[in-house]
Amino acid sequence: MKTSRILVTGSAGRLGRAAVTELVARGHTVIGFDLRPTPGLPDSIVGSLQDAELLNRLAAGVDAIIHLAATPDDARFPRGTAPDDGDNFLSDLVPNNIVGGYHVLEAARKNGVKRVILASTGQVVDGYLDAGRSPVKADWPTHPRYLYASTKVFLEALGSAYAHAHGMKVLAVRLGWCPRNAVQVAQIAASAEDQDVFLSPGDAGRFFAGAVEVDDLPPFAPVFVTSLPLGKHLYDPAPAKELVGFVPQDSWPTGADDY
Ligand SMILES: NC(=O)c1ccc[n+]([C@@H]2O[C@H](COP(=O)([O-])OP(=O)(O)OC[C@H]3O[C@@H](n4cnc5c(N)ncnc54)[C@H](O)[C@@H]3O)[C@@H](O)[C@H]2O)c1
């Protein structure tokens, strides 16, 4: 297999570390990029998505970008929930998820990067699950949960626009739930539905590696990625299998405590 040079944004995070581990194990050259140092990647770059010039420099000569850096959820759902009325839209979601995504795709365009894997979320179709409609197909209109999910809908749209305007291949990965802390592990443990959208770090790493290694991709596609459900598929797993050859190996709770 040909090895590649890959820029991973958000490389110090829960899924970033999973991606980096698998990519390094497969012999790829990984440039980690995060607000904090990336464990296991001593030469990782510490910086912010707001630094467009730095991103431009880091994207030079890379074969693919895996863009994971983001504010990974709403601070409050819905707005108005006690103890205060706040949300994190203007303070975090807009600069990190919307402006940051733009800077990453611009860096890809300016440097002729041919493949970009964007971290989206199953939350972009959450409304269907609330209405009892599953498995959700990747080509259904989005039905976002709230503000965070709406920023990911925008990121998907931006990826689609850049793919068609600039000839790059963009995959929007609607990720299942890989818990970031003990509270989230407990939430999933208490819910059969959440267990069916669980994503283990091992499966996440194998998906991201597969997405950069597969020979070709369509210009743009959204795909769902979860581990094997214990109950039923809430998201259609077929596009990830057809496009990337991804077949999950784990089920809840493999790797859940490994945050
Ligand atoms: N973990 C999940 O269950 C899940 C589910 C669906 C989608 N996602 C998406 O996957 C991606 C990774 O999520 P995660 O769970 O690993 O989150 P995480 O919070 O563990 O990791 C995100 C990383 O991004 C970095 N980051 C944030 N803002 C940054 C900025 N401005 N510049 C540089 N780095 C920045 C953080 O320091 C952090 O290390 C996110 O885009 C998230 O929205 C995660």
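The preceding data block contains the structure.
Each value, and the rule that gives it
- Residues numbered from 1 in each chain as written.
- Predicted model: local features only at pLDDT ≥ 70, side-chain atom pairs only at ≥ 80, totals over all residues.
- Heavy atoms only, no water.
- Helix = DSSP H or I, 4+ residues; strand = E, 2+ residues; numbered from the N terminus.
- Rg over C-alpha atoms; globule rule 2.2 N^0.38 Å.
- Buried < 20%, exposed > 50% of the residue type's maximum accessible area, 1.4 Å probe, protein only.
- Contact = heavy atoms within 4.5 Å.
- Areas by Shrake-Rupley, 256 points an atom, 1.4 Å probe, with all protein chains shown as cover.
- Lys, Arg positive; Asp, Glu negative; His and termini not counted.
- Charge placed at Lys NZ, Arg CZ, Asp CG, Glu CD.
- Near = heavy atom within 4 Å.
- Polar contact = N/O pair within 3.5 Å; in protein donor to acceptor, adjacent residues only side chain to side chain.
- Axes fitted to C-alpha atoms, helices over the stretch in contact; angles between N-to-C directions.
- Parallel < 35°, antiparallel > 145°, perpendicular 65-115°, else oblique.
- Left-handed = near helix turned anticlockwise from the far one by under 90°.
- Nonpolar A, V, L, I, M, F, W, Y, C, P; charged D, E, K, R; others polar.
- Pairing = 2+ DSSP bridges.

J.: Residue-level account of the overall build of the protein chain, with values.
T.: Counting its regular elements, the protein chain contains nine helices and seven strands. Taking 18 Å as the expected radius of gyration for a compact globule of 259 residues, we find that the protein chain reaches 17 Å, a close match to that expectation. Judged by the C-alpha coordinates and their principal axes, the protein chain covers about 45 × 40 × 35 Å. For the protein chain, the residues scored as buried account for 51% of the 259 residues in total. In the protein chain, the share of contacts with a sequence separation of at least 24, taken over all contacts with a separation of at least 6, comes to 71%. Only carbon and sulfur atoms are counted for the fraction: they give 54% of the accessible area of the protein chain, which is about 11200 Å². Once the 23 positive and 29 negative side-chain charges of the protein chain are each reduced to a mean point, those two points are 4 Å apart.

J.: Run through the site of the ligand, naming residues and quoting values.
T.: Around the ligand, the surrounding shell holds 26 residues, and the nearest of these are Leu 15, Asp 34, Tyr 148, Cys 178 and Arg 180. Within the backbone of Leu 49, one N or O atom sits 2.9 Å away from a nitrogen atom of the ligand. One of the side-chain nitrogen or oxygen atoms of Asn 96 is found 2.9 Å away from a nitrogen atom of the ligand. Notes on the ligand: free accessible area 820 Å², of which the protein chains cover 92%.

J.: Pulling in residues and values, what's your account of the packing of helix α3 (residues 89-111) against helix α5 (residues 147-166)?
T.: Packing of α3 against α5 leaves a shortest axis separation of 10 Å and a crossing angle of 15°. Here α3 is positioned roughly parallel relative to α5, judged by the angle of their axes. Of the two possible hands of crossing, α3 and α5 adopt the one that is right-handed. Facing Phe 89, Leu 93, Asn 97, Ile 98, Gly 101, Tyr 102, Leu 105, Glu 106 and Arg 109 of α3, the residues of α5 in contact are Leu 147, Tyr 148, Thr 151, Lys 152, Phe 154, Leu 155, Leu 158, Gly 159, Tyr 162 and His 166. Taken together, the residues of the contact of α3 with α5 break down into 11 nonpolar, five polar and three charged.

J.: Lay out the sheet that holds strand β4 (residues 64-67) in plain terms, naming residues and giving numbers.
T.: In space, the seven strands of this open sheet follow the order β3-β2-β1-β4-β5-β6-β7, with parallel pairing throughout. Each of the sheet's edge strands pairs with one partner strand only, and the pair in question is β3 (45-46) and β7 (220-225). Against the sheet, α3 contacts β1 (5-9), β4 and β5 (115-121), and its axis sits at roughly 175° relative to β4.

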